[in-house]
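Spelled out from the first residue to the last, the chains are:
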There are 2 protein chains.
Amino acid sequence: MATNKNVYFFGGGKAEGKGHMKELLGGKGAGLAEMTNIGLPVPAGFTITTEVCDYYFKHNTRYPAGFSKEVIKNLKKLERLVGKKLGDAKDPLLVSVRSGAAQSMPGMMETILNLGLNDKSIEGLAEKTNNRRFALDAYRRCILMYGSTAMNVEREKFDDELEGVKNEFTRKRLKRKNGLILDTDVNESELDILIERQKAVYKAETGEDFPQDPIKQLWGAIDAVIGSWMVDKAVTYRRLENMTGLKGTGVNIVQMVFGNKGEDSGTGVCFTRDPNSGKNIFYGDLLMNAQGEDVVAGIRTPLHLDDLRKIMPAAYKQLNAVRLKLEAHYKDMQDIEFTIEEGKLYILQTRTGKRSPAATFKIAVDMVREKLTKEHEAIARITAKDIEGLFYPVIDPSISLSDLKKHLFANGIEAVPGAAVGKIVFNAKDAEDWCDQGEDVILVRQETSPEDVGGMHAAKGILTATGGKTSHAAVVARGWGKSCIVGCSELQIDSNEKTMTARGITLREGDFITLNGSTGDVFSTGLDLTKPEPPAAYKSLMRWADKARTLKVRTNADTPYDATRAIALGAEGIGLCRTEHMFFDTQERRLAIQKMIVAEDAETRQSAIDELLPYQKKDFEGIFTAMAGKPVTIRLLDPPLHEFVPHRDAEQKRLANELDIPLKQVKQSIEKLRETNPMLGLRGARLSVSYPEILDMQVRAIIEAACDCRKKKIRVMPEIMFPLVIDAKEVALLAARTRKVADEIIKRRKVTVKYLIGTMIEVPRAALLADEIAGVAEFFSFGTNDLTQFTFALSRDDAGRFLPDYVDDKKAGILKADPFQSLDQDGVGMLVKMGLKKGRETRPNLKVGICGEHGGDPDSVEFCHLLGLDYVSCSPFRVPIARLAAAQAAIKYPRKSKKAAGKKACAPKKSKKASK
Amino acid sequence: MATNKNVYFFGGGKAEGKGHMKELLGGKGAGLAEMTNIGLPVPAGFTITTEVCDYYFKHNTRYPAGFSKEVIKNLKKLERLVGKKLGDAKDPLLVSVRSGAAQSMPGMMETILNLGLNDKSIEGLAEKTNNRRFALDAYRRCILMYGSTAMNVEREKFDDELEGVKNEFTRKRLKRKNGLILDTDVNESELDILIERQKAVYKAETGEDFPQDPIKQLWGAIDAVIGSWMVDKAVTYRRLENMTGLKGTGVNIVQMVFGNKGEDSGTGVCFTRDPNSGKNIFYGDLLMNAQGEDVVAGIRTPLHLDDLRKIMPAAYKQLNAVRLKLEAHYKDMQDIEFTIEEGKLYILQTRTGKRSPAATFKIAVDMVREKLTKEHEAIARITAKDIEGLFYPVIDPSISLSDLKKHLFANGIEAVPGAAVGKIVFNAKDAEDWCDQGEDVILVRQETSPEDVGGMHAAKGILTATGGKTSHAAVVARGWGKSCIVGCSELQIDSNEKTMTARGITLREGDFITLNGSTGDVFSTGLDLTKPEPPAAYKSLMRWADKARTLKVRTNADTPYDATRAIALGAEGIGLCRTEHMFFDTQERRLAIQKMIVAEDAETRQSAIDELLPYQKKDFEGIFTAMAGKPVTIRLLDPPLHEFVPHRDAEQKRLANELDIPLKQVKQSIEKLRETNPMLGLRGARLSVSYPEILDMQVRAIIEAACDCRKKKIRVMPEIMFPLVIDAKEVALLAARTRKVADEIIKRRKVTVKYLIGTMIEVPRAALLADEIAGVAEFFSFGTNDLTQFTFALSRDDAGRFLPDYVDDKKAGILKADPFQSLDQDGVGMLVKMGLKKGRETRPNLKVGICGEHGGDPDSVEFCHLLGLDYVSCSPFRVPIARLAAAQAAIKYPRKSKKAAGKKACAPKKSKKASK
């Protein structure tokens, strides 16, 4: 139901509406009111409320009583204020009629510009702008827009006339037989002809003349804008975007201003600070005696703001005052569109300005120092992308777009941002060999498997033809922050011939390529890269973020090197140390685990296991040393054993030789490991149940390494974790065995080593029975990668073929986001919530975190904060993002800190470093 | 804490204890009291309560005050009653001392027989039995049992003496140089020597003589029996069997009676009815002047009960009276052990008699007719195994055990009961070809895949080297009730050479074998089979069961043939019709779907789909006709597409020829379908989302078939079901498409066809979000097979390697049962419960069932009854089992029928036939 007031005026320094009235006035209307109220020189106008739109559709497309009077009253007020009249033949008032709902629906609804033009007023406009061609062009556009939107004439009919005029007249005049004729090639007289023809179309289609009465035009335009609220595409858009509860669109009728009315007019765009460096200097361009279109078209070289200061010091002064006012008001760097009409400054639009990642930090921190904003506001303003942008190498920004285009070879899915350059190799072994010889290489594979990990590590970047953002290649590369493009389906790889082909070009082993992991572009040459250095502002801001957050941030790290890097990036512990990655590290290690796997008797198996012990122990010692007392959660062996064995003949032969057994036996052992669905097979805790001697060895390596560290006065906090558990009895069995091995060593070594025993919660059954499991486990780590796979019955490796359909709104649009990238809070999140609640019912001090991809996703981090988890763990490169997201969540939803602190009783005592 | 009364006497027609005092007296003690109280001539004796045992261990192995006096008082009472004295030289009272806890622990605790024998009383026993050898043998056994159990002398030491005597004396006497000497070969004088030597062992080991004082023997035996409660093996047994809350063991001291005291003595076993036919006739054997051992040994030919009637009419009459009394008391057929000592009848034991499946039904039904029991009791007495036993063919029971042993070739896991005979073939195609030529074949495979389904159907039985009870082979075969043995790991199959080898024997293609699917035995010859006919009593009992149950029973059937069979077995609808099985049926159908899959463009795909339409339509018409208005739940295409394409070169070539495209292209198309984890890949509803044209075709086939039936006045009730759904939006999308296709056809055909649209709930996320899904779905069917896989992260195909460890108590013992056989009520059951609750919160009339293996498992059926599901659906052969289980559950846990009936409002109106 419409209220009494249907129209809100703005202009002359004050507005009837306010900035917060988005629901009533729409976003654009509220913005215009806001700018007016803070004293900006905004073109005047008035806004019809969204309630009118609501009433209109609820009352069979009729307006509320008294509405039309209200509109006319406001129009008169506008004419009085600006001193011009609609349709005036000398100096006509022209207006735009624009839609604007409470939420932005870009391109969905109608806009009509230059309203008020007719056969008479056009001449006034021509004279005033001293540009009859401009005036004619505005008029023909006005007829087209009005005719097609208000009167439903097919737009094509008008366009056909333009083409006709071009071919009949312009082409001949320019003597251009076949070439393209641009709209701007059409001259004044041709436009005169076109306008007449368009009017004829209008009459033929509507049965009446194009209205010369501006008031009739105005009402037609208002009807059209309100009517566009219910057209199919807008309704569909709102449904897909889940935009509910909107009343309708507002309608904004605004005075049009022109920057091309002479040398005392102009138009430009400026930023309140430098968007590249973030420095607090006024930054922008303008063109004198020009329209906005001319600025965009880039035909004329624009002036800088300094030039404006010289040419029109008053206008400059006014603009600079606007700049300061806007920053004081919006408390952020603004991007301003302005027009100067006959010496008078108009601000057409102001919005938050886009800026480089480095500038984002500098501006945020500077504004706190300038007391414009508070620390919490500065934190809220940073996004994950800003942080990402600080760390990854990028293609030298000075390389021209056309140079880039020339070398573009293919495009795939951007899996890990950042750029990489190197020579192409087609298998992991070559990658390692070439890397040993000092070459930078890019590993190109159809898809990668754990066998390739050595080569992936050696390569500068990874490119695969298949897979999605959570395929093996993407996940591993992301862990290392290594440039990676996946699912580049246009690639045809011939790994025997060692070539790859796309878009008709074939590249060979050893050719240079460049990956842009931020865009998915692959270039067929080696481009120069630059690596930005995080600015000082980054450090200040992250210090504030750490102060603000309550959620701890750990990292997923498998090596002392990764651990050290993660600490530098702010990690407070290791939330997931995957022991199996240690087995792939060198040829000897791989051979030892392969020996263990193909062993036919307990003795051979034990001897192979004994060979592995010193490697694991050494790795753990390195990690403990790097972490210096911060908690280290070590996951016991997880993947199916077949991931460790060679699948190629040559390697199988080598293994057979090494073990001195027939090749056939090696092949048989490997064949036995084949599983239909390895993800649901013999892996995780099941390995420890079936082969307890592996568990014994791993526990031994962990605890002996811990004892060695203690002897060297290095503090250690190992947390031993079982993956893929399904039952409390299973955990109890493994925990008992673990304690037996560990306690015996600790007793013998006569040192104090405290350790915790816990489990991954990554199988739905474990979440459902978490109360029982918490009776045995001292901590939980939600493995939301696998939990997502099982909860959705969705293999990460295979989802690439259909998951895009599920996520893409243009297709099925079933899911809000890829559940492997952002935690599915409805389904998987429900299990996490249940698991947490049940776990803490049994053990109130249960320490709970999540590890996996979601630990570095801001939305998921917020969810974890809300649930009351103790920590998230993510790959080293995502640690700053998680720290920021945790801070943002804590600011948005403050925790009752007392209660949260109480829950920490079970956690190891935190070192001062860790809480930094 | 012991109560005042520690010892309960029984004998002379009355007992101090009662039959229900199992907790206090143990099972055996309570049974003896019960038999005494109902007037059976039971040997007299007394029972020491379990509380004494409890007290004993709680008080550092001391007995309660006054206990020993109580024992002696009861012993005197026993001596008075039977008129004999312990240790008497003329006619000694002998007693047995036996353990007996409230729950049976077979073989775990101690028993000592013939207690009371010493150097003097042995002569009295010899004279009375007129068998000195028997008496001596009893004495040497008494020394052995007493020495080893009461005094912890190693049993081997006594055994060594027996071997010594055999070799020193018996062997010489019998002049048997190398052959085996039996215990019965040792004669009286040799037994005399043995007894002396055993006494010497006793003295050497214990430092004292074998006690000649019977009271000392008695106490030693009591101590030993009570002590055996806490020996390791008994403690372990109770832990593994989850036997908690037991106080201890009772001790039963019972007069021994002897059937070998002359021609007026004897011993025998009888059944109160014929255990083979179930007829109400007295059935049993006895031996005169003999011990129980002689009956078991089978050396002498026993007499029938009729003979006893002639020889000792009084004893017979008494025995027959016992028979009637027992049936009246226990209300079930009894198996009785009896002894006649010098004309006096003693009943030693009575228990529920084992019987054949046919007899089970006859006895249960007869007893209701005789008013001995009620219908509900009769129903409760039948087990799933009894029903199974009625239907499956069996190996001719007249074939001797030794003949069977001679042909035993291998043993595997019994997957589907029943026997099968045929010639070996090693691939599906041969199975089909040979079957076409009229041969009976057994299909032998390493493992089966959906490609083999045609051959599996053609074969009489299936044998695989790998897989468990829920492998592909087992599940498919079970659906057809086809004999199947899986996981026969000792088989070495060479499918190129077409041979299989086990235990050193190699069989070739075309050789006959016999499978016994009830035991897992494979025989290397063709044995005769017989197929039992279900008795009339079966029908009566199942009629009562149908009356009792509230849960409906549907079947999983994919063909008109299966549907017809299932109706004959009592199915009330189809709960799962798997449309994909229709595609495997013939070469043409397979080719059509393969064409569809390898199609590179929409047009080719559509033309292949169009080819499939008539096949599907015809199948549905047949099924609807067979079901005559009963509901038919049709699951749209579910399996990953790669299951439909050929993986062998020859077949790929054939496909390439048929489609007139290069083999390479076929290979590429097939390669593209390869998935790392097909179970979690592109299947189920995802197929319909990605290829909506397949859904269109299937819906068209269903609805057109339904319309055709309606034109013929056949009632139809199709329920269209989407598999593997994960989200309400997904269901909404597919439901909208389904309705569009269906309603258009119905409108065009101008008939009334009602149909429902629903979903499988088989992915954890669907159960978690069931409230949202029920907003769109009109029914749920819990697919607990897949739900188990995802909830456990456990692939049915791969679980064989480790799941046994998880289930086996001797190993990890983590799970109570194989979750694919019996629904995991704790974990998966929690999801089913949540899904049901949430679903009915949104849609109170939601119809809910389960389909899959669990629908035919009695425990799972009971769980479904308790949850309040509407129906279970299982393979045709399990339908009677499910009907019975549903009845048993309804009797055990009656539903409030009003409420249950209210929930049915959404179900299609049931026909009178359906409720039969």
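Just above, that's the structure.
Each chain has its residues counted from 1, running along the sequence as written. The order in which chains are written sets their letters, starting at A; the order in which ligands are written sets their numbers, starting at 1. pLDDT decides what is reported in this predicted model: residues at 70 or higher carry local features, side-chain atom pairs at 80 or more are listed and counted, and totals for whole chains, interfaces and linings draw on all residues regardless. Hydrogens and water are ignored here; the side-chain numbers use all heavy atoms of the structure.

Caption draft 1: Spatial organisation of the pairing of strand β7 (residues 266-271) of chain B. Residue and element names in this part refer to chain B. Each residue is placed in one exposure class: buried if its accessible area under a 1.4 Å probe, protein chains only, is under 20% of its type's maximum, exposed if it is over 50%, and partly exposed if it falls in between. Only DSSP runs of H or I with at least four residues qualify as helices, and only runs of E with at least two residues qualify as strands; both kinds are numbered from the N terminus onward. By the criterion of burial, β7 is predominantly enclosed, with five of the six residues buried. Note: β7 against strand β8 (residues 283-288), six bridges, orientation antiparallel. Pairing of G266 across the sheet is with M288, part of β8. By the bridge criterion, six bridges tie β7 to strand β10 (residues 334-341) in an arrangement that is antiparallel. Looking at β10, one finds that F271 is bridged to D335. When DSSP locates at least two bridges between a pair of strands, those strands are taken to pair.

Caption draft 2: Structural view of the relation of the copies chain A and chain B. Take chain A, turn it by 178 degrees, move it 0.2 Å along the axis, and it overlays chain B with an RMSD of 0.6 Å. Look at the turn and shift together and you get a two-fold axis relating the two. Residue A:N677 of chain A places its C-alpha closer to the rotation axis than any other residue of that unit, at 1.9 Å. Both copies present the same face, since 98% of the interface residues in chain A are matched by interface residues at the equivalent positions in chain B. The fit set for superposing copies consists of C-alpha atoms from residues with pLDDT of at least 70 in both; the fit itself is least squares. The contact rule is simple, with two residues in contact once any of their heavy atoms fall within 4.5 Å.

Caption draft 3: Region of interest: the packing of helix α5 (residues 132-150) of chain A against helix α6 (residues 155-174) of chain A. Residues and elements named next belong to chain A. One can describe the packing of α5 onto α6 by two numbers: an axis separation of 9 Å at closest approach and a directional angle of 155 degrees. Relative to α6, the element α5 is oriented roughly antiparallel. Listed contacts from α6 to R140, I143, L144, G147 and S148 of α5 are R155, F158, D159 and L162. In this description, a line fitted to the C-alpha atoms serves as the axis of each element, helices being fitted only across the stretch in contact, and the angle between N-to-C directions of two axes falls anywhere from 0 to 180 degrees. Convention used here: angles under 35 degrees read as roughly parallel, angles over 145 as roughly antiparallel, angles from 65 to 115 as roughly perpendicular, and any remaining angle as oblique.

Caption draft 4: How the structure looks around the pattern of salt bridges. What makes a salt bridge here is a side-chain nitrogen of Lys or Arg within 4 Å of a carboxyl oxygen of Asp or Glu, nothing more. Under the definition given, this model contains 153 salt bridges over all chains. A salt bridge links B:R765 to A:D824, with the nearest nitrogen and oxygen atoms 2.6 Å apart. Of the two residues, B:R765 sits in helix α29 (residues 764-768) while A:D824 sits in the loop between α32 (803-807) and α33 (828-842), which places them in two different chains. Of the charged contacts, one joins B:D209 and B:K203 as a salt bridge, the two residues approaching to 3.6 Å between their closest N and O atoms. By relative accessible area, which is 51% here, B:D209 ends up exposed.

Caption draft 5: Broad picture of the packing of aromatic side chains. All names here are of chain A. When two rings of Phe, Tyr or Trp (its six-membered ring) have centres within 6.5 Å they constitute a pair, described as stacked for plane angles under 30 degrees, edge-to-face for angles over 60, and tilted for the intermediate range. If you walk through the whole model with that rule in mind, you get 36 aromatic pairs over all chains. For the ring pair F282 and Y316, a centre distance of 6.2 Å and an interplane angle of 50 degrees mean the geometry is tilted. One end of the pair, F282, is in the loop between β7 (266-271) and β8 (283-288); the other, Y316, is in helix α12 (residues 313-330), with 34 residues separating them in the sequence. Here F282 matches Y316 in class, with each residue buried. Each ring, one from F802 and one from Y806, has its centre 6.5 Å from the other, and the planes form 75 degrees; the classification is edge-to-face.

Caption draft 6: Quick peek at the sheet that holds β8(B). Residue and element names in this part refer to chain B. Reading across the sheet, the five strands line up as β9-β8-β7-β10-β11 and stay open at both edges, with antiparallel pairing between neighbours. Here the strands that pair on one side only, and so sit at the sheet edges, are β9 (303-304) and β11 (344-352). Note: β8 against β9, two bridges, orientation antiparallel. Considered in β9, the bridge of L286 is made with L303. Across the sheet, helix α12 (residues 313-330) lies against β7, β10 and β11, angled at about 30 degrees from β11, the strand it touches most.

That's the geometry; what it means functionally is another story.
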